[in-house]
Each structure stands twice: as structure tokens, then as C-alpha cells.
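Structural overview for review
For reference, the chains in residue letters:
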Amino acid sequence: MLRKSALIAVSAATMSLAGWATHAQDAASAELAAATGDAVAGESQFRQCRSCHMISGPDGEVIQRGSRVGPNLHGVVGAQAGTADEDFGYSGVLAAIGAEGVIWDEENFVAYVQNPTHFVRAASGNASARSPMSFQMRAGADDMYAYLAQFTESESRSDGPQGEAD
Ligand code: HEC
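The structure presented is a predicted model; accordingly, all values stated were derived computationally and were not measured. Counting starts from 1 at the beginning of each chain's written sequence and moves along it residue by residue. Predicted model: local features are reported for residues with pLDDT of at least 70 only, side-chain atom pairs are reported and counted for 80 or more only, and whole-chain, interface and lining totals are derived from all residues.

Overview of the packing of helix α4 (residues 106–114) against helix α6 (residues 141–148)
Axes, fitted as lines to C-alpha atoms, cover a helix only where it is in contact. Angles between the N-to-C directions of the axes lie from 0 to 180 degrees. Helix and strand definitions here come from DSSP, where helices need a minimum of 4 consecutive H or I residues and strands a minimum of 2 consecutive E residues; each element is numbered from the N-terminal end. Relative orientation of the contacting elements α4 and α6 amounts to 125 degrees, with a least axis distance of 9 Å. Viewed along their axes, α4 and α6 adopt a mutual orientation that is oblique. Classified by chirality, the crossing of α6 by α4 is right-handed. Here α4 contributes E106, F109, V110, V113 and Q114 to the contact with α6, which in turn contributes A141, D142, M144 and Y145. Side-chain classes follow a simple rule in which Ala, Val, Leu, Ile, Met, Phe, Trp, Tyr, Cys and Pro form the nonpolar group, Asp, Glu, Lys and Arg form the charged group, and the remainder, Gly included, forms the polar group. For the contact of α4 with α6, the per-class residue count stands at six nonpolar, one polar and two charged. By the definition adopted for this analysis, an angle is roughly parallel if under 35 degrees, roughly antiparallel if over 145, roughly perpendicular if from 65 to 115, and oblique otherwise. The sense of a crossing depends on the near helix, which, turned anticlockwise from the far helix by less than a right angle, makes the crossing left-handed and, turned clockwise, makes it right-handed. Contact between two residues is assigned whenever their backbone-derived C-beta positions fall within 7 Å.

What follows is the structure in C-alpha cells.
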């Protein structure tokens, strides 16, 4: 029995290494690209988000169809909370914690999508704050992070070859 679980652990590690290699080729910024999840699994999980979110690139290309109840999640990984979609009317509490320095790194992202209200309460120190995101992702938040990280340009790299979005 022990042997079997060890094999599973090894194959999971191999898979995430393969994920990392693909990921690095996408030239997401080095730090943020160190996602621990599986981007392919995350892509198929996006159906859980679609009733409220879409993914649409800076050129208007629709990467994932979905509603606009919530913000466009393009570029959300690495962004300050409440800033990725400038056309979206974010809640005051999300904008405030973003202004105080909360960025969507893996740890914050995973905690947020698992329980948005809990996260904004903890981050703002306001125990009666509520998140308008009335959804809790039970499993696979790390995979979702790895998937969404593909849509963050490496703007932070001083020698980055990528041009401006527009
Ligand atoms: C029932 C609707 C709903 C669903 C389903 C939903 N969200 Fe949200 N989400 C929202 C709303 C509304 C906001 C804006 C929150 C605010 O303004 O405080 C949001 C905000 C976010 C943010 C913060 C964006 C930013 O720019 O700071 C992330 C990240 C996020 N959602 C990820 C997800 C993911 C991943 C899923 C699917 C697993 C998902 N959401 C499913 C409604 C939803």
C-alpha cells in the first residue's frame, strides 16, 4: 500500500514538472510562473467560473466565453486585487485590499477562490465585509491558478521581449 502511494506521488511530481516546462515557454513572469498546479486541469475547471467570468485578451480575443457578472480574468495572476479588469465595477473591499498591497499570487488566489468572503474579511480586518463573489471553489484552485497564469504577460521583466498591449 505504501509503495502504491509513493508511485502516485512520483507520477504527480513528474506531471507538474512537465506542466512547468510548458508554462515557462509561455513566458509568463518567472516568479509567477512557478505555479504548482496543472494548467490543463485548470482549463477544464473553468466551466465552474463561466456563469460569472470570461477570459478575453487585450485585443478583444475571447479565450473563454462566459458572463460579465464578474471581471474578465485575463491577466489576473500577479495583478493587484481589484485591478485586472478596468471596465469592471469592483466592490469597495476588494479595491481597498488591493490598494493595501494584496496581489494575486498563488497563496492569495487559492485562499480567495476557496472562500472569497473569508479572504476579504481576513485581508481587510473587517469582520462584516462580504464578497460579491458568491462561489467557493472546493478543489483544484492551484490548477486554476496555473491555467490563468498563462494569460499574464511578463511586463515586470526589464528585458522582456513582449511589446505593449496596445
Ligand atoms: C456567482 C458568480 C461567480 C462565480 C461562479 C465565480 N466568480 Fe469570481 N468573482 C465574482 C465577482 C462578482 C467578483 C468581483 C468581486 C468583487 O468585486 O469584490 C469576482 C472576482 C474574482 C477574482 C478577483 C478578480 C480581480 O480582478 O481582483 C478572482 C481571481 C476570481 N473571481 C476567480 C474566480 C474563479 C477562478 C472562479 C471559478 C472557479 C470564479 N471566480 C467563479 C463572481 C463569481
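So much for the structure itself; the text now carries on.
Quick look at the confidence of the model for the chain
Overall, the prediction assigns the chain a mean pLDDT of 82, with 72% of residues at 70 or greater. For the stretch residues 5–28, pLDDT sits under 50, and the model shows 20 contacts to residues farther than four places along the chain or on other chains. Residue-level confidence of the predictor is summarised by pLDDT, bounded by 0 at the bottom and 100 at the top.

Notes on the site of the ligand
In this text, near has one meaning. A residue is near a molecule or strand if its C-beta atom, placed using the backbone, is within 6 Å of it. Around the ligand sit 28 residues in total, of which C49, C52, G70, S91 and L94 are the nearest. Broken down by element, the shell around the ligand gets its largest block of residues, three residues, from α4. For the shell around the ligand, a count of residues per class yields 19 nonpolar, eight polar and one charged.

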